[in-house]
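Each chain, written out:
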Amino acid sequence: MRMILLSIHSSPLGPAGARDTGGMSTYLRGLSGALGQAGHRIDIFTRAVDPAEEVIQEIYPNVRLIHLDDGLGLLDKIELYPHCPTIAAALERFCRREGKKYQIIFSHYWLSGCVGRILQQHWNIPHLIMFHTLGRAKNEACPGEHEPDIRIEEEEALARGSDRIIVAAQPEKEKLLGYYGLSPAKVSVIPGGIDLHLFQTLDREEAREQVGLGRQKIILAVGRIEPVKGFDLLIRAVGMLPMEEKFKLVIVGGDDHSRSRIVRLKETAAELGITGKVIFKGLIDHDQLLLYYNAADVTVMASHYESFGLVALESIACGTPVIAGPVGIIPELLTPGRRNSLGCLVIERTPAAWAAAIGQALLCPEPIKQADIDMKLIPYKWPAIAAQVAAECRTLTVLI
Ligand code: UDP
C-alpha cells in the first residue's frame, strides 16, 4: 500500500517528552518502521522548520520523512490552524512534482486531520484519523487544561467526516461514541506498540550507576510536563511517604516551554518539605530511557487522562512495575486495588491512595519476571500492531 502519514505539528524525529512531542512521535516511528518492513510505501509529511534539514529523509526501509516547505516559518501549534489550507497546498505541490499518488491518508492529531480532510476532498481517497488525545476529554479530566474551543469543534467535525478513526484503547472509543453518537463500526481499537529491542531488562545496579542515581530506591515518572499528567498528585503522594525511607522521585521529561510548570511543581515539593527528594531530569533521549526504567523500583503514571500510555509498556518491558489509574491501556494490564506482577491500579485520585500504593511497592520492590514481560507484551510488538493497521487500511481502500 502507498500511504501518507500526516504529522503536521511535530516531527516524529523531534525530542519526545517536549511540549509538542510525546507518545505520538514514538508511535509514528514504531508504526511506520514496521509498515515499511512489511513492504508498504510510507511517506510521513511534517513541516520544515529548520532550513538546514534535508527535505526528504529515508528514515527506515520504505519510509520517507518529508519536511514540507510551506513558507510559514516557525509557528505554535494553535497558530497553524488557519494555515491548514496553505500546508495542504504545499503538500499537493510536492506530490505533483514527484508524480506521486497514494491510496490512503492517515492523519495524526486534529491539526493533521484538518490538512488530511482537504486532501481527502481533492484526491477522493480514504481518510483515516488518530486523534492521540481528545481536547474535550483532556479538559474534562483535568481542570488545569484549557484546550481551545476550535480544537474541540474540529475534533467533532473530523470524527464525523473521516472514513475511520483508530484509537489505541477501549476507553477512548467509548468517549468518542459517547461524545458524538458515532456508529461503533466507525471506531477501531488498535493499541500502540513497543520496541522490545530498545526496551529490555538490564542489571538494576548497573543502570543506577549509569544514570548516577546511587543506591536509594527510585520512583520514576516519565512524560511531558502538563497538568493532565498528574505530577502534582504524584508529588503530594510522595510527600506522604515516611521520610526516613531512602528514596527519590525522578521526573523525566519537559523542555524550556515547561519551565514555569516545573517551577510550580518544585514549589509544591518545597511546601511539603521534600525538595531534596524530587529530581527533575528534563528531556532524556528516547534510546537512553531504558536506563531510567531499569534503575527504577516503580514507575508511577498518575495521569488524569491518557489515550494509551506508552510509558507503562516501556516500563513493563524493562521489568519495572507500574502504578497507574484506570486510563488508556492500563485496565488491560493492571487490576484495581490488587497488586499483580505488573503493578497496581489506583482508582482514587487522592494523594493518600497513591502514597499507599507507592509505599507498598517500595517496601518490597519486585522486578517483573521475564516470562511475564514476554507473555504480556508480545501482542504489542510493532509488526503485530502494523499488521492490524494495514488490515484496517486495506478494508477502507476496498470499501471506498
Ligand atoms: N519520552 C522520551 N523522553 C522523555 C520523556 C518522554 O523519549 O524525556 C517518550 C516516552 O518514552 C514515550 C513518550 O515520550 O514514548 C510519551 O508517551 P505517552 O504515551 O506516555 O504520553 P503522551 O506524550 O502521548 O501524552
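Rules and cut-offs
Residues numbered from 1 in each chain as written. Predicted model: local features only at pLDDT ≥ 70, side-chain atom pairs only at ≥ 80, totals over all residues. Heavy atoms only, no water. Helix = DSSP H or I, 4+ residues; strand = E, 2+ residues; numbered from the N terminus. Rg over C-alpha atoms; globule rule 2.2 N^0.38 Å. Buried < 20%, exposed > 50% of the residue type's maximum accessible area, 1.4 Å probe, protein only. Contact = heavy atoms within 4.5 Å. Areas by Shrake-Rupley, 256 points an atom, 1.4 Å probe, with all protein chains shown as cover. Lys, Arg positive; Asp, Glu negative; His and termini not counted. Charge placed at Lys NZ, Arg CZ, Asp CG, Glu CD. Core = buried A, V, L, I, M, F, W, Y, C linked by side-chain atoms within 4.5 Å. Patch = residues over 30% accessible without salt bridge, like charges linked within 9 Å, V, L, I, M, F, W, Y side chains within 5 Å. Salt bridge = Lys/Arg side-chain N within 4 Å of Asp/Glu carboxyl O. Pairing = 2+ DSSP bridges. Axes fitted to C-alpha atoms, helices over the stretch in contact; angles between N-to-C directions. Near = heavy atom within 4 Å. Polar contact = N/O pair within 3.5 Å; in protein donor to acceptor, adjacent residues only side chain to side chain. Arc of directions from axis to C-beta.

### A look at the overall build of the protein
- Within the protein, the secondary structure is distributed over 15 helices and 14 strands.
- By the compact-globule yardstick of 21 Å for 400 residues, the protein fits well, its C-alpha radius of gyration being 21 Å.
- Structurally, the protein occupies a C-alpha span of about 65 × 45 × 40 Å along its principal axes.
- Within the protein, the proportion of its 400 residues that are buried is 56%.
- Put simply, 67% of the contacts in the protein that link residues at least 6 apart link residues at least 24 apart.
- When the accessible surface of the protein is summed, it comes to about 16,500 Å², and 53% of that surface belongs to carbon and sulfur atoms.
- When the 43 positive and 47 negative side-chain charges of the protein are each reduced to one mean point, those points stand 2 Å apart.

### Observations concerning the nonpolar core
- Counting 107 residues, the largest nonpolar core has F45, F106, L176 and L333 as its most contacted members.
- Per-element tally for this core: the top contributor is helix α15 (residues 382-399), with 7 residues.
- Not counting residues up to four positions away in its chain, the partners in contact with F106 are M3, I4, L5, L6, Y27, L31, L128, I129, M130, I166 and V389.

### Some remarks on a negative patch on the surface
- On the surface, D203, E205, E206 and E209 cluster together into a patch of negative charge.
- With respect to the secondary-structure elements, E209 resides in helix α7 (residues 204-211).
- Judged by relative accessible area, which is 65%, E209 ranks as exposed.

### Focus: the pairing of strand β3 (residues 56-60)
- Here β3 runs beside strand β4 (residues 63-68); their pairing, made up of 4 bridges, is antiparallel. The residue bridging I56 from the neighbouring strand is I66, located in β4.
- Hairpin connection between β3 and β4: a loop of 2 residues separates the two successive antiparallel strands, and N62 in this loop has a positive phi of roughly 70°.

### Things to note about the sheet that holds strand β12 (residues 298-301)
- Within the open sheet, the 6 strands sit side by side as β11-β10-β9-β12-β13-β14. Their pairing is parallel. Sheet topology places β11 (278-282) and β14 (343-345) at the edges, where each strand pairs with a single neighbour. Here the strands of the sheet are splayed against their neighbours by 20° on average, with no regard to which way each runs.
- Where strand β9 (residues 217-222) meets strand β10 (residues 247-252), 6 bridges bridge the pair, whose relative direction is parallel. The residue of β10 that forms the bridge with L220 is V250.

### Regarding the sheet that holds strand β7 (residues 164-167)
- The strand order across the open sheet formed by 8 strands is β3-β4-β2-β1-β5-β6-β7-β8, and the pairing between neighbours is mixed. Here the strands that pair on one side only, and so sit at the sheet edges, are β3 and β8 (187-189). Averaged over all pairs of adjacent strands, the angle between their axes in this sheet comes to 25°, without regard to strand direction.
- Two elements, strand β1 (residues 2-6) and strand β2 (residues 41-47), share 5 bridges in a ladder whose sense is parallel. Each bridged residue has a counterpart across the sheet, and for M3 the counterpart in β2 is I42.
- Running over the sheet, helix α2 (residues 84-98) touches β1, β2, β3 and β4 and is turned about 125° from β4.

### Quick notes on the site of the ligand
- In the vicinity of the ligand there are 19 residues, among which G23, R224, K229, I284 and E314 approach most closely.
- Within the contact set of the ligand, an oxygen atom lies 2.9 Å away from a side-chain nitrogen or oxygen of H286.
- Here L310 contributes a backbone N or O atom positioned 3.1 Å from an oxygen atom of the ligand.
- Contact with the protein chains covers 94% of the free accessible surface of the ligand, which is 540 Å².
- Every element with two or more residues in the shell around the ligand is listed here: α1 (23-37) and α11 (310-317).
- Broken down by element, the shell around the ligand gets its largest block of residues, 3 residues, from α11.

### Observations regarding helix α6 (residues 170-180)
- Among the residues making up α6, those that are buried are E172, K173, L176, Y179 and Y180. Down the axis of α6, the buried side of the element spans an arc of 135°, and every buried residue falls inside it.
- Looking at the packing, one finds that the buried side of α6 touches α4 (135-141), α5 (149-161), β7 and β8.
- Directly beyond the C-terminal end of α6, a positive phi value near 60° is found at G181.

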